[in-house]
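# Tertiary structure, described
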Amino acid sequence: MAQCVIKPDLEFVRELQESGGDSLKKCYQCATCSVACPLAPANAPYPRKEMVWASWGLKDKLMGDADLWLCHNCGNCSDLCPRGAKPADMMSAARNVIYRDLVEPKSIGTLMSKPSGLPVLFAIPALLWLVIWAIRASIVGAWFPRTFDGRIVFGQIFYGDYTIDPIFMLTFFGALFIIGRGVVKLWGMFKPEGTLTVIGQKRCWLLHLWDVLWDEVITHKKFSDCEEGPNTGKTHYNRQFGHLLLVYSFCILAFVTAIVAGGHWIGKIWPVVSIETPMPLTFPVKLLANLGALMLLAGLAILTVRRWLQNNKNHGSSWHDWYLLGIIWAVALTGVLSQCFRLADCVVPAFMVYYLHLVFVWMLFAYLPWTKLGHFVYRTAALVYVRMYGRG
Ligand code: SF4
Ligand code: SF4
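Presented here is an overview of the structure given in this document. (Residues numbered from 1 in each chain as written. Chains lettered and ligands numbered in written order. Predicted model: local features only at pLDDT ≥ 70, side-chain atom pairs only at ≥ 80, totals over all residues.)

## Examining the site of ligand 1
Lining the immediate surroundings of ligand 1 are 13 residues, of which Cys 27, Cys 30, Thr 32, Cys 33 and Cys 81 lie closest. Breaking the shell around ligand 1 down by element, the ones donating at least two residues are helix 2 (32–36) and helix 3 (48–56). Among the residues making up the shell around ligand 1, the classes are represented as nine nonpolar, two polar and two charged. (Near = placed C-beta within 6 Å. Helix = DSSP H or I, 4+ residues; strand = E, 2+ residues; numbered from the N terminus. Nonpolar A, V, L, I, M, F, W, Y, C, P; charged D, E, K, R; others polar.)

What follows is the structure in structure tokens.
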């Protein structure tokens, strides 16, 4: 008779429990959660199998599981679990543990996994921008300078050509490179589960990617599928709308940044397209930037209130959840406040808050591969993978 040897990784179970899956041992495998999940297909259901693997400590099975990344953390399964085993929290904890070690340097992943790592994560960009501030202040002759006509121009200290542009370009493309390696590694680990058939591979993966981007990013259709899922008796706090506001505001702000950077650099050789900063408030690009900032604040407010009001008996909020919300709040508030202080002609608070804004923006981009924003990329990769293996 064939034998199957199971090697439980008890350290992995402990890590899952510490990362938010503390109730996983309550599971008695009734499968209600897999029936309740509005996103799980009948031929490859989740999250019951993940609960079994997690409580047995089958790390390899979970690491090769594409379904883990398809979960949208709506919590329907946890609401209907008769044992209070919180399968949604366990799925989230498993993702957190896996992307902590997915890419190099792992030391950043370790720091990102707990609140005690935050001071170091903050200190790195705080020191970097402080050194730049000190060097530029010694050249300009003041820590809080004004232009010859009395205006506040942040570029006098944080000069775009030599500081902001090269540092953020390096940081952004460095993070993209790291997360790209993570995606390749994740794809290498995935193993088809259930009755997936290889029919979709005939289609180019780029076409699958477009379908996923349409469903996941442009329309956020999966979020409405979750909200229209089984009746769990709970109130929905419009998660889809909050996420959509956030995604579209990021797109607007990225577009504005590209226009300003393009205007600055192309304007050096073709002055007609040159854009001067700070831009007047009525300038179309500035209007668009402020619209993006308002949408960002509205989306953040909706998602924060929703998380605050959710039923803690069935759902927990992990450090990763609060870190991402917190860092986006910090970026948005310091961005808006630095503009307000500049317009109000308060030179010291304007430079101080702008300095903090640069620190938080750097943290947002540089640590992206280890945050829930990175999860968005990994989920896209997993969705393309399962579509390639025949799942619609
Ligand atoms: S997590 Fe809950 S609903 Fe899912 S199998 Fe376990 S006990 Fe049943
Ligand atoms: S949290 Fe939602 S999407 Fe994730 S497994 Fe549970 S029901 Fe499915």
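Moving on from the model shown.
## Observations concerning helix 1 (residues 10–18)
Working note: α-helix, 3.6 residues per turn, so residues spaced by three or four point in the same direction. Among all positions in helix 1, only Phe 12, Glu 15 and Leu 16 are buried. Along the axis of helix 1, the buried positions cluster into a sector of 100°, meaning they face one direction only. With respect to the buried face of helix 1, the exposed residues turned more than 90 degrees away are Leu 10, Glu 11 and Arg 14. The secondary structure elements touched by the buried residues of helix 1 are helix 3, helix 4 (59–63) and helix 6 (87–102). Following helix 1 by one or two positions, Gly 20 adopts a phi angle in the positive range, close to 125°. (Buried ≥ 20, exposed ≤ 12 C-beta atoms within 10 Å, placed from the backbone. Arc of directions from axis to C-beta. Contact = placed C-beta atoms within 7 Å.)

## Digging into the site of ligand 2
Neighbouring ligand 2 are 17 residues; Cys 37, Cys 71, Cys 74, Cys 77 and Ala 88 lie closest to it. Where the shell around ligand 2 is concerned, the elements lending two or more residues are helix 5 (76–80) and helix 6. In terms of residue count, helix 6 provides more of the shell around ligand 2 than any other element does, three residues in total. Its residues assigned to classes, the shell around ligand 2 comprises 13 nonpolar, four polar and no charged.

## Brief notes about the nonpolar core
Of all hydrophobic cores here, the largest spans 81 residues; its most connected members are Leu 16, Ala 54, Met 90, Ala 94 and Ala 382. The element contributing the most residues to this core is helix 15 (residues 347–366), with eleven residues. If you count residues domain by domain, this core takes at least three from each of domain 1 (10–102) and domain 2 (116–388). Those residues in contact with Ala 382 that sit more than four places away from it in its chain are Ala 66, Trp 69 and Leu 70. (Core = buried A, V, L, I, M, F, W, Y, C linked by C-beta atoms within 7 Å. Domains from an automatic or database assignment.)

## Brief notes about the packing of helix 14 (residues 319–343) against helix 15
Put simply, helix 14 and helix 15 touch, their axes get as near as 8 Å, and they point 155° apart. Taken together, helix 14 and helix 15 sit at an angle that is classed as roughly antiparallel. Viewed along their axes, helix 14 and helix 15 form a crossing whose handedness is left-handed. Facing helix 14, whose interface residues are Ile 327, Ala 330, Val 331, Thr 334, Gly 335, Leu 337, Ser 338, Phe 341 and Arg 342, helix 15 presents Pro 349, Ala 350, Val 353, Tyr 354, Leu 356, His 357, Phe 360, Val 361, Met 363 and Leu 364. Residue composition of the contact of helix 14 with helix 15, grouped by class: 14 nonpolar, four polar and one charged. (Axes fitted to C-alpha atoms, helices over the stretch in contact; angles between N-to-C directions. Parallel < 35°, antiparallel > 145°, perpendicular 65-115°, else oblique. Left-handed = near helix turned anticlockwise from the far one by under 90°.)

## Description of the packing of helix 12 (residues 239–266) against helix 13 (residues 284–309)
Contact geometry of helix 12 with helix 13 gives a least axis separation of 8 Å together with a crossing angle of 155°. The orientation of helix 12 with respect to helix 13, classified from their angle, is roughly antiparallel. Remark: the crossing between helix 12 and helix 13 carries left-handed chirality. Taking contact as the criterion, the partners of Arg 239, Phe 241, Gly 242, Leu 245, Leu 246, Tyr 248, Ser 249, Ile 252, Leu 253, Val 256, Ile 259 and Val 260 in helix 12 are, on helix 13, Val 285, Leu 288, Ala 289, Leu 291, Gly 292, Met 295, Leu 296, Ala 298, Gly 299, Ile 302, Leu 303 and Arg 306. When the residues that make up the contact of helix 12 with helix 13 are grouped by side-chain class, the tally is 18 nonpolar, four polar and two charged.

## Some thoughts on the environment of Ser 317
By the element assignment, Ser 317 lies in the loop between helix 13 and helix 14. Taking the C-beta count within 10 Å as the criterion, Ser 317 has 15 such neighbours and is therefore assigned partly exposed. When the C-alpha positions of Ser 317 and Arg 307 are compared, they lie 7.5 Å apart, and in sequence the two are ten residues distant. Every residue in contact with Ser 317, bar those within four places of it in the chain, is listed here: Arg 307 and Trp 322.

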